[in-house]
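Residues per chain, in single letters:
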Amino acid sequence: MRFEQYDFLPLIKENLASLGFKKPTDIQYKAIGPIMKGEDVLAIAQTGTGKTAAFAIPLIDFIAKQKKVVKYSGIKCLVMVPTRELAIQIAEGLEGLAYFTDVSSIAVYGGGDGNSFAAEKKALTSGADIVVCTPGRMIAHLNMGYVKLKGLKYLVLDEADRMLDMGFSDDIAKIITYLPAERQNLLFSATMPQKMRALANKILKNPVEINIAISKPPEQIVQKAFIVYEQQKAGIIKDMLGSKRFSKVIVFC
């Protein structure tokens, strides 16, 4: 299966080709079909498997097609994520995937100043098509009464297990009370603990369940560990970065 074989808009197919999307990954192949059929999806997949594109591509296609037929403002898709970093990452991905369409998106997350809150309010009031948000920040906007959610058709929970681990269960439940009962729900998680299953049972309706190798990382990721004393950390990192063995590096601290 190749992306060009899906019933996407020609502009979306062209954009995918320009971005180097040829064949879908396992999670994309297994998720895109059910999503395009309007089914709820429960997908267990590790970070790095391509799950963002798995839900983003068909939803962008849906929204772009709808906007050609029905002209209305308001949020059409809500994507909830656990951290501001992931919100920014997904919003940037959406911007690239929707480049040739008129589908708009915005990241809504805490930690910014008054100017960022005002910009978010403007986008939420005018009705960005896709909103990627952290639960706490979204509730802050919902409490102000100006968020348009009556026309929402799609709800995505990404890295849902992390949101539960971070204590967002009540926030998620509160946000859902603002959403239309008739909607398509997509839940993506790296693990499936009991509390995750309970959340899925509350939100999803007869979901298609997808499980992508949860016991191991994606094949392209090599994992190694160095057991060191505290005082050795800086020297080892300096040596690794100085060796120029890596073209791109992220240091989490």
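Along every chain, residues carry numbers that run from 1 in the direction the sequence is written. Selection of residues for local features in this predicted model requires a pLDDT of at least 70, selection of side-chain atom pairs for listing and counting requires 80 or more, and totals for whole chains, interfaces and linings are taken over all residues. Derived side-chain values reflect all non-hydrogen atoms in the structure, with water molecules and hydrogen atoms excluded from consideration.

1. Brief notes about the layout of surface pockets
Link 1 in the chain: Within this model, the largest pocket holds a volume of roughly 1,700 Å³.
Link 2 in the chain: Both site types are read off a 1 Å grid over the protein atoms alone. A 1.4 Å probe that fits but cannot get out defines a cavity, while an open set with protein on both sides within 12 Å along at least five of seven lines defines a pocket; lining residues have an atom within 4 Å of a point. Lining the largest pocket we find 41 residues, and of these Ile221, Val249, Ile250, Val251 and Phe252 sit closest to its centre.
Link 3 in the chain: Only DSSP runs of H or I reaching four residues or more are called helices, and only runs of E reaching two or more are called strands; each is numbered from the N terminus. Counting only elements with at least two residues in the lining of the largest pocket, the list comes to helix 3 (51-69), helix 4 (84-97) and helix 10 (233-242).
Link 4 in the chain: Note that Gly is not counted as nonpolar here; it falls among the polar residues with everything else outside the nonpolar set of Ala, Val, Leu, Ile, Met, Phe, Trp, Tyr, Cys and Pro and the charged set of Asp, Glu, Lys and Arg. Looking at the lining of the largest pocket residue by residue, the class counts come to 21 nonpolar, 10 polar and 10 charged. Grid points are joined across faces, edges and corners, and a volume is the space filled by probe spheres set on the points.

2. Quick word on the environment of Gln46
Link 1 in the chain: Along the chain, the position of Gln46 falls in the loop between strand 1 (41-45) and helix 3.
Link 2 in the chain: Remark: the alpha-carbon pair of Gln46 and Ala31, spanning 15 residues in sequence, is separated by 14 Å.

3. Let's talk about the packing of aromatic side chains
Link 1 in the chain: Here is the rule: rings of Phe, Tyr and Trp (six-membered ring for Trp) pair when centre to centre is within 6.5 Å. Planes less than 30 degrees apart are stacked, more than 60 are edge-to-face, and the remainder are tilted. Within this structure, the stated rule accounts for six aromatic pairs.
Link 2 in the chain: Seen in terms of ring centroids, Phe3 and Phe21 are 5.7 Å apart; in terms of plane orientation they differ by 75 degrees. Their pairing is edge-to-face. Placement of the pair is Phe3 in the segment before helix 1 (10-18) and Phe21 in the loop between helix 1 and helix 2 (26-36), with a sequence separation of 18 residues.
Link 3 in the chain: Its relative accessible area of 2% is what places Phe3 among the buried residues.
Link 4 in the chain: A 1.4 Å probe rolled over the protein chains alone gives each residue an accessible area, and that area as a share of the maximum for its type sets the label: buried under 20%, exposed over 50%, partly exposed in between. Given the relative accessible area of 25%, Phe21 is considered partly exposed.
Link 5 in the chain: Ring geometry for Phe55 versus Phe188: centroids 5.4 Å apart, planes at 50 degrees, classification tilted. You can see Phe55 sitting in helix 3 and its partner Phe188 sitting in strand 6 (residues 184-189), a full 133 residues away along the chain.

4. Side note on the environment of Phe3
Link 1 in the chain: Sequence separation between Phe3 and Ala17 is 14 residues, and the spatial gap between their C-alpha atoms is 8.3 Å.
Link 2 in the chain: Discounting chain neighbours no more than four positions away, the residues touching Phe3 are Phe8, Lys13, Leu16, Phe21, Lys22, Lys23, Pro24, Gln28, Ile32 and Ile57. The contact definition used throughout considers only heavy atoms, calling two residues in contact when any of these lie within 4.5 Å.

5. Digging into the nonpolar core
Link 1 in the chain: Grouping buried Ala, Val, Leu, Ile, Met, Phe, Trp, Tyr and Cys residues that are joined through side-chain atoms within 4.5 Å yields what is termed a nonpolar core. The biggest cluster of nonpolar side chains holds 44 residues, and the ones touching the most others in it are Phe55, Leu59 and Ile130.
Link 2 in the chain: For this core, the element with the most residues is helix 3, which contributes 10 residues.
Link 3 in the chain: Once residues within four sequence positions are removed from consideration, Phe55 is found in contact with Ile35, Val79, Ile90, Val156, Asp158, Leu186 and Phe188.
Link 4 in the chain: Core analysis: the next-biggest nonpolar cluster, separate from the first, contains 35 residues, Met80, Ala123, Ala160 and Met196 among them.

6. Side note on unusual backbone geometry
Link 1 in the chain: Phi angles above zero are rare outside glycine, and Asn206 is one such case at about 45 degrees.
Link 2 in the chain: Here Asn206 shows up in the loop between helix 9 (194-203) and strand 7 (208-212).
Link 3 in the chain: By relative accessible area, which is 74% here, Asn206 ends up exposed.

7. Details of the confidence of the model for the protein
Link 1 in the chain: pLDDT is a residue-level measure of predictor confidence that goes from 0 to 100. Predicted confidence across the protein gives a mean pLDDT of 90, with 97% of residues reaching 70 or more.
Link 2 in the chain: Looking at the elements of the protein, mean pLDDT is at its lowest for helix 5 (residues 114-126), recorded as 85, and at its highest for strand 5 (residues 154-157), recorded as 98.

8. Considering the environment of Val228
Link 1 in the chain: Residue placement: Val228 occurs in the loop between strand 7 and helix 10.
Link 2 in the chain: If we ignore the near neighbours within four places in the chain, the residues touching Val228 are Lys233 and Ile236.

9. What to know about the state of the cysteines
Chemically, a disulfide is nothing more than a covalent bond linking the sulfur atoms of two cysteines.
Link 1 in the chain: Any pair of cysteine sulfurs within 2.5 Å is marked as a disulfide. Applying the stated criterion across every chain, the model contains zero disulfides.
Link 2 in the chain: Free of any disulfide, Cys77 has its nearest cysteine sulfur in Cys133, 9.9 Å distant.
Link 3 in the chain: Classification of Cys77 as buried rests on a relative accessible area of 1%.
Link 4 in the chain: Owing to a relative accessible area of 0%, Cys133 belongs among the buried residues under this scheme.

10. Structural notes on the packing of helix 5 against helix 6 (residues 135-142)
Link 1 in the chain: Axis angles are defined between N-to-C directions and span 0 to 180 degrees, where every axis is a line fitted to C-alpha atoms and, for a helix, only to the segment in contact. Two elements in contact, helix 5 and helix 6, have axes whose closest approach is 11 Å; the angle formed by their N-to-C orientations is 70 degrees. Here helix 5 is positioned roughly perpendicular relative to helix 6, judged by the angle of their axes. As helix 5 packs across helix 6, the resulting crossing turns out to be right-handed. Touching Ser116, Phe117, Glu120, Lys121 and Leu124 of helix 5 are Arg137, Met138, Ala140 and His141, all from helix 6. Should an angle fall under 35 degrees it is taken as roughly parallel, and over 145 as roughly antiparallel, whereas 65 to 115 is taken as roughly perpendicular and any remaining angle as oblique. By definition, turning the near helix anticlockwise from the far helix through less than a right angle yields a left-handed crossing, and turning it clockwise yields a right-handed one.

11. Describing the pattern of salt bridges
Link 1 in the chain: Between Lys or Arg on one side and Asp or Glu on the other, a salt bridge is scored when a side-chain nitrogen of the former is within 4 Å of a carboxyl oxygen of the latter. What the rule picks out here adds up to 12 salt bridges.
Link 2 in the chain: For Arg2, the salt bridge identified is with Glu4, shortest N-O distance 3.8 Å.
Link 3 in the chain: Judged by relative accessible area, which is 53%, Glu4 ranks as exposed.
Link 4 in the chain: Here the residues in one salt-bridge network are Lys51, Asp158, Glu159 and Arg162, joined through shared partners.

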